[in-house]
Amino acid sequence: MIGILRIFYGAEGTRPGLVLTCLLLAGIFEGIGLASLLPLLSLAINDGAGATSPIIGYVDTALGWVGLEPGLGVLLLLVVGGIVLKCLLTMAAMFYVGYAVAEVATGLRAQLITRLLNVRWGYFTHQPVGRIANAISVDATRSGHAYLMAANFQVNIIQTVVYSLIAALVSWQLALAALALGGTIALSLHVLVRVSKKAGRRQTERTSELVIYLSDALSNIKPLKAMAKAGKFANLFDRKIGQLRRALRRQIVSQYALKNLEEMLVAMAVGVGFFVAISNWNVPVSQLLVMGALLFQTVSSVGKMQRQFQKAVLLESPYWSMRKLIDEAEVAREPNPGSTVPTLEQGCRFQDVSFAHVGDKVLDRVTLDIPARGLTVITGSSGSGKTTLTDLLLGLYQPLEGRILVDGIALSEIDLQAWRDIIGYVPQDLILFHDTILANVTLGDPRIGEEEAKQALQAAGALDFVEAQPEGLQSIVGEKGAKLSGGQRQRIALARALAGKPKLLILDEVTSALDPRTERDICRNIDALSRDMTVLAITHREAWTEIAERTYRLDGGSIELVKDGRDFKRPA
Ligand SMILES: Nc1ncnc2c1ncn2[C@@H]1O[C@H](COP(=O)(O)OP(=O)(O)OP(=O)(O)O)[C@@H](O)[C@H]1O
């Protein structure tokens, strides 16, 4: 229950005070309307209920305070007016709740996206993308509904209080009996609420697992199809789909069981109450009618409250799972304590740098220099730590020991955003967005126009094939660039890195998919660019080591300088 109330009172971007005020006022007007019902009926039937029911006396006194006679017109006005005002105020509150539902769903999405864009790189290396995709699409929408259910639950709480109070004014024994009855029925059916809560949690977990699995499968669909594994792989989904199906079944069964069992028990209890009242006690008809209606309303409102609670707990888990993800992302926020704006005039230096992801060191007291305005190549066997080295230079990881210096200033003192703003980076596992070639080159940077994009494509050796496409720069590259060849994708990614005219260009196996001729063309372009730009390339390819001013070999955690610029003659 506390979890549900925390959603209603704690969800950001909502105004629980306003909603609650409207609902409380609605409750008061409903109470006035209900309280006036008994005197109205008594007056209409003239059965002398006034002598036995205290509520008629209270209404008379209250009307006396404002100088009104408890006549038919006044009482009718109070009954009808009370209901009308209650409806209008509840409607106003629920209109606002409707806005708040959208606010909760979109607010959670926005918070998650903003935080995710600011988390440390290490967070993503152990975070399934499907979990985030599921949170943004499914959980956020269900969270909005969780807020709606929590608000409805709040409405039911107020209604139950109002009915109980009015019942107490008619007869405190009646109120006690109604609450005891409602409570007993609710308690006896509580197991169905627990079933729903568990079903809701299962659905959230299973759906997330399913989306994680599916997004991984779709990313690997080509090898799965190529090796006829798609069908076999589908079997792996069956268990998860089966669990989801069971959770959904339990949800529906428990919801309908609660509704119908509760109605049945209420009808039986009120029936017995009526029978006892009519046959044993001499209760006036108007009082009997009002008492019966109140008993029924009070007991039903306890039931309604429970049903609403059941709906809310069903949707509670996506809300909290979403919040957990947002909090995790906040904890994983990337620190950026530095403030110096880098210029990269002299070069970068790794000074006795050691680093380990987990366990053994990948880099052990590595020292290397990357002079400004030149091409430095790093070679080394697979898994020797070349990408890790560039990740350290990008500030994605921090060294365990030693320092990374940019123009003699420690990277930890440099503003990371400003540092990355002067870097062009092409990763080994490049992925293009399902968008136009132009969008893939500019990445939405307003400083890069069509002309700059073309120049970058030219330097990356991509302009010819881009212009040969039916829609040129506006051609869509397909899912992850699937409409292009591996080498074309590499060249677009290189153009993307060059388009911002970076001061430092980091290339991780950027020409591995290219034929020797295209590779040499690109090398020639990069060689020319490196007169004004610092280039760090990870590669084994001769075309690169030939033009490099410095080549380092990384192996077993240590680095060795295998080619020095002093021996190097730049081709004319
Ligand atoms: N996020 C990570 N968590 C744990 N270990 C990692 C992580 N990233 C890389 N490693 C490990 O660190 C070592 C160096 O990896 P890295 O990717 O830097 O090698 P590499 O030289 O670039 O390899 P390749 O040439 O095959 O791309 C490897 O043993 C790898 O398993």
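You'll find the chain entered in an unreviewed UniProt entry as ABC transporter ATP-binding protein, with Pelagibius litoralis given as the organism. In the Subcellular location (unreviewed entry) part of its UniProt record, the chain is described as follows: "Cell membrane".

Draft legend 1. Fine view of the overall build of the chain. Scanning the chain from N- to C-terminus turns up 20 helices and 10 strands. Over its C-alpha atoms the chain spans a radius of gyration of 36 Å, topping by over 25% the 25 Å that the globule rule assigns to 572 residues. Its C-alpha atoms give the chain principal-axis dimensions of roughly 115 × 55 × 50 Å. When burial is assessed residue by residue, the chain has 48% of its 572 residues classed as buried. Sequence separation of 24 or more characterises 78% of the internal contacts of the chain that already satisfy a separation of 6 or more. Looking at the chain as shown, the accessible area adds up to about 28300 Å², and 61% of this sits on carbon and sulfur atoms. Here the chain carries 58 positive and 53 negative side-chain charges, and the mean point of each set is 7 Å from the other.

Draft legend 2. Examining the site of the ligand more closely. Taken together, the neighbourhood of the ligand is formed by 13 residues, with S382, G383, K386, T387 and T388 sitting nearest. One of the side-chain N or O atoms of T387 is found 2.7 Å from an oxygen atom in the ligand. When the ligand is considered free in solution it has 640 Å² of accessible area, and contact with the protein chains removes 61% of it. Of all the elements, helix α13 (residues 386-393) adds the most residues to the shell around the ligand, at 3 residues.

Draft legend 3. Spotlight on the pattern of salt bridges. Tallied over the full model, the rule gives 23 salt bridges. E263 is paired through a salt bridge with K259; the nearest N and O atoms lie 3.2 Å apart. Of this pair, E263 and K259 are both found in helix α11 (residues 230-280), 4 residues apart, which corresponds to roughly one turn of the helix. What makes K259 partly exposed here is its relative accessible area of 33%. D521 is the salt-bridge partner of R524, the closest N and O atoms lying 3.5 Å from each other. Here D521 and R524 lie together in helix α19 (residues 516-529), a separation of 3 residues that amounts to about one turn. The exposure class assigned to D521 is partly exposed, which follows from its relative accessible area of 33%. Three or more residues joined by partner-sharing salt bridges are found here, namely R115, E330 and R333.

Draft legend 4. Spatial organisation of the nonpolar core. Counting residues in hydrophobic clusters, the biggest one holds 69 residues, and the most contacted among them are I55 and Y147. Per-element accounting of this core gives the leading share, 15 residues, to helix α7 (residues 129-170). I55 has contacts with A35, L38, I166, L169 and V170, leaving out every residue within four places of it along the chain.

Draft legend 5. Layout of the domain arrangement of the chain. Under the domain assignment, the chain is made up of domain 1 (2-331) and domain 2 (347-567). Here the C-alpha centre of domain 2 lies 56 Å away from the C-alpha centre of domain 1. In this complex, domain 1 contributes 4 residues to the contact, which on the side of domain 2 involves 4 residues. For domain 1, the biggest contributors to the area lost against domain 2 are W121, G122 and S219; these three give 88% of the whole. Summed over the shared surface of domain 1 and domain 2, the number is 1 residue pair in polar contact (both at pLDDT 80 or more). Sort the elements by how many residues they give to the side of domain 1 that touches domain 2 and helix α6 (residues 121-125) lands first, with 3 residues. Of the residues in the side of domain 1 that touches domain 2, the class split is 1 nonpolar, 3 polar and no charged.

Draft legend 6. Region of interest: the sheet that holds strand β3 (residues 375-380). Ordered in space as β6-β7-β8-β3-β9-β10, the 6 strands form an open sheet in which the pairing is mixed. Since the sheet does not close on itself, it has two edges, and those belong to β6 (423-426) and β10 (558-563), each with one partner. Here the average twist between neighbouring strands, direction ignored, is 20°. Pairing analysis gives 5 bridges linking strand β9 (residues 550-555) to β10, with the strands arranged antiparallel.

Draft legend 7. Spotlight on the packing of helix α2 (residues 16-35) against α7. Following both chains from N to C, one finds α2 and α7 inclined at 30°, their axes separated by 9 Å at the closest point. On the basis of the axis angle, α2 is roughly parallel to α7. In this structure, α2 crosses over α7, and the sense of that crossing is right-handed. On α7, the residues that touch L20, L23, L24, G27, E30, G31, L34 and A35 of α2 are Q154, V155, I158, Q159, V162, Y163 and I166. Of the residues that constitute the contact of α2 with α7, the class distribution is 10 nonpolar, 4 polar and 1 charged.

Draft legend 8. Layout of the UniProt feature "transmembrane region" (unreviewed entry) in the chain. When the UniProt feature table is mapped to this numbering, "transmembrane region" (unreviewed entry) covers residues 18-41, 74-99, 146-166, 172-193 and 256-278. A helix fraction of 100% and a strand fraction of 0% characterise residues 74-99, whose end C-alpha atoms lie 37 Å from each other. The straight-line gap between the two end C-alpha atoms of residues 172-193 is 30 Å; of that span, 95% is helix and 0% is strand.

Draft legend 9. How the structure looks around the packing of aromatic side chains. This model, assessed by the stated rule, comprises 7 aromatic pairs. Their ring planes at 15° and their centres at 5.9 Å tell us that F8 and Y147 sit as a pair that is stacked. With F8 in helix α1 (residues 2-10) and Y147 in helix α7, this pair connects stretches of sequence that are 139 residues apart. The two residues F8 and Y147 agree in class, both being buried.

Draft legend 10. The arrangement of the state of the cysteines in detail. As enumerated under the stated definition, the model contains 0 disulfides in all. Cysteine C22 is unpaired, with the sulfur of C87 as its nearest cysteine sulfur at 14 Å. For C22, a relative accessible area of 18% puts it in the buried group.

Draft legend 11. Unusual backbone geometry, seen in detail. One non-glycine residue, L443, adopts positive backbone phi at about 50°. In this structure, K501 takes a positive phi of about 45° despite not being glycine. Tracing the chain through its elements places K501 in the loop between α18 (486-499) and β7 (504-508). A relative accessible area of 55% means that K501 is categorised as exposed.

Basis of the calculations
- Residues numbered from 1 in each chain as written.
- Predicted model: local features only at pLDDT ≥ 70, side-chain atom pairs only at ≥ 80, totals over all residues.
- Heavy atoms only, no water.
- UniProt positions renumbered as here; feature names shortened; annotations may be inferred.
- Helix = DSSP H or I, 4+ residues; strand = E, 2+ residues; numbered from the N terminus.
- Rg over C-alpha atoms; globule rule 2.2 N^0.38 Å.
- Buried < 20%, exposed > 50% of the residue type's maximum accessible area, 1.4 Å probe, protein only.
- Contact = heavy atoms within 4.5 Å.
- Areas by Shrake-Rupley, 256 points an atom, 1.4 Å probe, with all protein chains shown as cover.
- Lys, Arg positive; Asp, Glu negative; His and termini not counted.
- Charge placed at Lys NZ, Arg CZ, Asp CG, Glu CD.
- Near = heavy atom within 4 Å.
- Polar contact = N/O pair within 3.5 Å; in protein donor to acceptor, adjacent residues only side chain to side chain.
- Salt bridge = Lys/Arg side-chain N within 4 Å of Asp/Glu carboxyl O.
- Core = buried A, V, L, I, M, F, W, Y, C linked by side-chain atoms within 4.5 Å.
- Domains from an automatic or database assignment.
- Buried area = accessible area lost by both parts, 1.4 Å probe.
- Nonpolar A, V, L, I, M, F, W, Y, C, P; charged D, E, K, R; others polar.
- Pairing = 2+ DSSP bridges.
- Axes fitted to C-alpha atoms, helices over the stretch in contact; angles between N-to-C directions.
- Parallel < 35°, antiparallel > 145°, perpendicular 65-115°, else oblique.
- Left-handed = near helix turned anticlockwise from the far one by under 90°.
- Phe/Tyr/Trp six-rings, centres within 6.5 Å; stacked < 30°, edge-to-face > 60°.
- Disulfide = S-S within 2.5 Å.

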